[in-house]
Amino acid sequence: MDADVIVVGAGPVGLFLAAELKLAGAEPLVLERLETPSEEPKARGLGALATEALWRRGLGAQLAEADVEGTKDLTRDHGTTRGHFASIFKIEPREDRPRTNIWQPELERVLAKHAEGVRVLRGQPVTALESDVDGVAVTAGQTWRAKYVVGCDGGRSTVRKLAGFAFPGTPALLRTVAGQARFAGTVPPPGRYAGGAFLHGGSMVGITEPASNPEPVTPADFAASIRRITGADVVVEEFREERRFGDQARQVDDYRRGRVLLAGDAAHVHSPSGGQGLNLGLLDAANLGWKLGAVVRGDKPEAFLDTYTRERHPAGEAVLRNTRAQSALLAPGPHVDALREIVAELMDLPEANKYFADLLSGVNTRYDFPYPATKPVGQHCPDFEIVDEHGHPSRLHEHTRTGRGLLLTTEQMTEPRVDVVRVTNTGPLLLRPDGVIAWAGEGSPATALTTWF
Ligand SMILES: Cc1cc2nc3c(=O)[nH]c(=O)nc-3n(C[C@H](O)[C@H](O)[C@H](O)COP(=O)(O)OP(=O)(O)OC[C@H]3O[C@@H](n4cnc5c(N)ncnc54)[C@H](O)[C@@H]3O)c2cc1C
């Protein structure tokens, strides 16, 4: 074996997963197609759950530093730091949960540093994959063997195709193209038009139009799109740094086929509306890393990995649902205009506003556990202050760097399977390595400890 686990793709999800595997005592090997990291801006934000996941591994200071620039850029481009649903920018950020405005290339630099010590081989496009009872053989120039392979190779995942996963879902309704443009003469004001949406502000210009329209490639095509959308003739002299994305929504039914697993965009694709893809993928990695580590170490049987799909598939499904709803609200036409006005009015109600904030951040995600449990068990634990038996205050995330489970207890006790901290300001709590509450104070933690550790 060349490694315990081959991770295909050194995007954000692959890098975080590899670091989690290493922390769990497994030996990962990352194979990445690109010679150098991508500088494509793509995502520009992390929601509450992903931010907290990275805090738990000690990356809070790096995220806070990047957030300063990221927030400036966001305010410049959107004119607000409020979140949006289908480009209705009304969502007030939750004050009790964090978010981070960070460009994806910067995040990848932070994660690459975090994964230092992991073998990452660049310029290695994976082209073939075979699995047998003992392991997998992955070909990228040469052939590498490992016990498991995880495809973190993005929406067009080669691993997904080679391993024969079906990818059911819905095709794209809308296409968005955005970038930096230079116009000669005047341009129509930003807004929704009969043929789609024309947006400009800060440094960005963009169009959203039906995916059935001809795809704009050259500056002249881009001008033609603007004419189709707004009816106005414009001259586009230059169009660069473009980003384009559609809103097809697809998800694999099972995130594992034998020794092949998928995480991040490889397992699910959807429109970037509301900025949720990165959160979803990093949470997949947080969920899978410690579990696969336990299986590789021999502490857990392979069937333990079934909890990965059981927990993460519904989380992905929820994002596909809300991004499809956003696409419906982004389509052109007077009926949709009317519906948008009503949704915008609803968002002025504080309860509804919070509903949208919770929906997009995923904070209400609750996993279905194989033992009886009530809320907040199954949910991701927010960060909070704890006070130890000596009266010393600290934050919860300062106690989670080992990647082990964590038991907060009010009694003097030892429990070798997890880290133990005696606390005086909160009830007892058992956290899994991914920050999910496994048990909270009622009865004994024995079942939860045996189930997860
Ligand atoms: C325009 C745009 C805006 C977005 N905005 C947001 C946002 O604000 N917030 C948010 O949360 N999400 C956003 N997203 C989504 C987010 O960018 C993705 O969800 C995220 O990149 C997924 O990470 P990943 O690691 O799963 O895949 P990727 O980032 O796609 O990484 C996959 C990696 O695998 C490598 N690879 C591919 N094939 C192979 C192969 N055969 N062999 C070896 N390596 C391979 C690739 O080179 C790449 O490095 C946006 C996306 C787009 C397009």
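Residues numbered from 1 in each chain as written. Predicted model: local features only at pLDDT ≥ 70, side-chain atom pairs only at ≥ 80, totals over all residues. Heavy atoms only, no water.

**Let's talk about the packing of helix α1 (residues 12–23) against helix α4 (residues 104–114)**
Phase 1: Two numbers describe how α1 lies on α4: the axes approach to 9 Å, and their chain directions differ by 20°. With respect to α4, the element α1 is oriented roughly parallel. As α1 runs across α4, the sense of the crossing is left-handed. Between α1, through P12, L15, F16 and A19, and α4, the contact on the second element is made entirely by Q104, L107, E108, L111, A112 and H114.
Phase 2: Counted by class, the contact of α1 with α4 contains 7 nonpolar, 2 polar and 1 charged residues. (Axes fitted to C-alpha atoms, helices over the stretch in contact; angles between N-to-C directions. Helix = DSSP H or I, 4+ residues; strand = E, 2+ residues; numbered from the N terminus. Parallel < 35°, antiparallel > 145°, perpendicular 65-115°, else oblique. Left-handed = near helix turned anticlockwise from the far one by under 90°. Contact = heavy atoms within 4.5 Å. Nonpolar A, V, L, I, M, F, W, Y, C, P; charged D, E, K, R; others polar.)

**Some words on the environment of L174**
Phase 1: Structurally, L174 is set in strand β12 (residues 174–184).
Phase 2: When its relative accessible area of 7% is taken as the criterion, L174 is described as buried.
Phase 3: C-alpha separation for the pair L174 and C381, spaced 207 residues apart in sequence, amounts to 36 Å.
Phase 4: Ignoring any residue separated from it by four or fewer positions in sequence, one finds L174 in contact with T208, E209, P210, A211, F245, G246, D247, S327, L330, A331 and P332. (Buried < 20%, exposed > 50% of the residue type's maximum accessible area, 1.4 Å probe, protein only.)

**A word on the sheet that holds strand β20 (residues 268–269)**
Phase 1: An order of β11-β17-β20 is seen for the 3 strands of this open sheet, with the pairing classed as antiparallel. Here the strands that pair on one side only, and so sit at the sheet edges, are β11 (169–170) and β20.
Phase 2: Examined bridge by bridge, β11 and strand β17 (residues 249–251) share 2 bridges and lie antiparallel to one another. By the bridge assignment, T170 is partnered in β17 with A249.
Phase 3: Running at roughly 170° to β17, helix α8 (residues 306–330) makes contact with β11, β17 and β20 of the sheet. (Pairing = 2+ DSSP bridges.)

**Regarding helix α10 (residues 350–361)**
Every α-helix winds through 3.6 residues per turn, so residues three or four apart in the chain are directed the same way.
Phase 1: Over its 12 residues, α10 runs 16 Å from end to end, which matches the ideal 16 Å to within 8%, given 1.5 Å per residue.
Phase 2: Among the residues making up α10, those that are buried are A352, N353, F356, A357, D358, L360 and S361.
Phase 3: Buried residues in α10 make contact with α2 (48–55), β4 (83–85), β5 (88–91), α8 and α9 (334–346).
Phase 4: Within two residues after α10, G362 carries a phi angle of roughly 75°, on the positive side. (Expected span 1.5 Å × (residues − 1).)

**As for the domain arrangement of the protein**
Phase 1: Domain parsing of the protein yields domain 1 (3–168 + 250–361), domain 2 (174–246) and domain 3 (385–452).
Phase 2: Between domain 1 and domain 3, the C-alpha centre-to-centre distance is 27 Å.
Phase 3: Counting from both sides, the interface comprises 13 residues of domain 1 and, opposite them, 12 residues of domain 3.
Phase 4: Summed over both sides, the interface of domain 1 with domain 3 buries roughly 1,200 Å², with 54% coming from carbon and sulfur.
Phase 5: Of all residues in domain 1, R56, R57 and W290 give up the largest surface area on contact with domain 3, accounting jointly for 51% of the area buried on that side.
Phase 6: Where domain 1 packs against domain 3, one counts 1 salt bridge. (Domains from an automatic or database assignment. Buried area = accessible area lost by both parts, 1.4 Å probe. Salt bridge = Lys/Arg side-chain N within 4 Å of Asp/Glu carboxyl O.)

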